[in-house]
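# What the coordinates show
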Amino acid sequence: MTPTQRRIAHCMVRQAADAPFLSSVELAELAGVSQPSVTRFAVALGFDGYPALRRHLREVAPTDKPGDTGSYNEYQQAVQAEIDNLRQLAAALADPSPVSEAGRLLAASRPLPVLGLRAATAQAAGFSYFARKVHPDVRLLDEGGTMLADRIDAAVRAGASALLCFALPRHPREVVDALDYARTAGLTVVTVADSAFAPVAHHTDLLLPAPVGTGLAFDTACAPMLLGRVLLEAMCDALPDAQARLEQFDAGAAARGLFVE
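The following paragraphs examine the structure supplied in this document. (Residues numbered from 1 in each chain as written. Predicted model: local features only at pLDDT ≥ 70, side-chain atom pairs only at ≥ 80, totals over all residues. Heavy atoms only, no water.)

### Brief notes about the packing of helix α6 (residues 97-108) against helix α10 (residues 222-238)
Taken N-terminus to C-terminus, the directions of α6 and α10 make an angle of 65°; their axes are 7 Å apart at the nearest point. Classified by chirality, the crossing of α10 by α6 is right-handed. On α10, the residues touching V99, S100, A102, G103, R104, L106 and A107 of α6 are L227, V230, L231, A234, M235 and A238. Partitioned by chemical class, the residues of the contact of α6 with α10 number ten nonpolar, two polar and one charged. (Axes fitted to C-alpha atoms, helices over the stretch in contact; angles between N-to-C directions. Helix = DSSP H or I, 4+ residues; strand = E, 2+ residues; numbered from the N terminus. Left-handed = near helix turned anticlockwise from the far one by under 90°. Contact = heavy atoms within 4.5 Å. Nonpolar A, V, L, I, M, F, W, Y, C, P; charged D, E, K, R; others polar.)

Next comes the structure, spelled out in structure tokens:
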């Protein structure tokens, strides 16, 4: 696809619930492209024009367009959009093999570097916090700059075989550069991104998409967060001593009075 076509496709994925009901003009405005570009995009996919593409989307759409969304205020609409994103993620997980494969890759990497910059920092940090309870060596890469390549090098020298990346919009250029560097260094890159058409897609060995919400001033990322927890589960399944490590942590936490009941 051309860059313009990728932008249109990305927009349609992020607006999956509404896409079958948008006119070509509306879709062009959402994607920030011209209306003729939308028509050419439909033709490139093998349709006679955009109306044929829209009819196809309506035929394959799992649900009808929500009815009385106009009665929701903007906050409710944002929550509803996240619910739709979670439904989309659930449908994608009907085939668990990509997540299972990712879990095996992450479990086998010692150490395991986890990359997340800017908007994706919280996702990477949350994954790393829990992963350290079952994985012997998790290294959070949440700061960019010239030291990022050094930290990737250090992980490779220590024996890392894979890198997990969380990539959310807007996508920092240095994340793309870091993924290229990591692959050149011999790491297998697993990425949780907002779309299969995200800028990091061509710089990743195994891409796991999870849509983000765009209805508020700042994007919401419930689906990427949940996918991160699913990845943790898959990694635990691939670590034979995961349960023992969790029990050891719980015993130590109880002895230290770490948590209040």
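### So, the sheet that holds strand β4 (residues 188-193)
Strand order in the open sheet formed by five strands is β2-β1-β3-β4-β5, with parallel pairing between adjacent strands. Of all the strands in the sheet, the pair left with one neighbour each is β2 (138-141) and β5 (206-209). With strand direction ignored, the average angle separating the axes of adjacent strands in the sheet is 20°. Relative to strand β3 (residues 162-167), strand β1 (residues 112-115) runs parallel, the two sharing two bridges. (Pairing = 2+ DSSP bridges.)

### Some points on helix α5 (residues 74-92)
With 19 residues, α5 extends 27 Å from end C-alpha to end C-alpha; this agrees with the ideal 27 Å at 1.5 Å per step. Inspection of α5 places A78, E82, N85 and L89 among the buried residues, and these make up the whole buried set. All buried residues of α5 project into a common sector of 55° when viewed along the axis, lining one side. In α5, the exposed residues that point more than 90 degrees away from the buried face are R87, A90 and A91. If you follow the buried residues of α5, they end up packed against β5 and α10. Structurally, the start of α5 carries an N-cap: the backbone nitrogen of Y75 is 2.9 Å from a side-chain oxygen of N73. (Expected span 1.5 Å × (residues − 1). Buried < 20%, exposed > 50% of the residue type's maximum accessible area, 1.4 Å probe, protein only. Arc of directions from axis to C-beta. Polar contact = N/O pair within 3.5 Å; in protein donor to acceptor, adjacent residues only side chain to side chain.)

### Description of the packing of aromatic side chains
How two aromatic rings sit relative to each other is set out by the distance from centre to centre and by the angle between their planes. The full count for this structure, using the stated rule, is two aromatic pairs. Geometrically, the ring pair formed by F127 and F166 is tilted, given 5.9 Å between the ring centres and 55° between the ring planes. Placement of F127 in helix α7 (residues 121-131) and of F166 in strand β3 is noted, with a sequence separation of 39 residues between them. Here F127 and F166 have matching classes, each one buried. When the centroid spacing of 4.9 Å and the interplanar angle of 80° are considered together, the rings of Y129 and F130 count as edge-to-face. Y129 gets classed as partly exposed once you look at its relative accessible area, which sits at 44%. Note on F130: relative accessible area 37%, which makes it partly exposed. (Phe/Tyr/Trp six-rings, centres within 6.5 Å; stacked < 30°, edge-to-face > 60°.)

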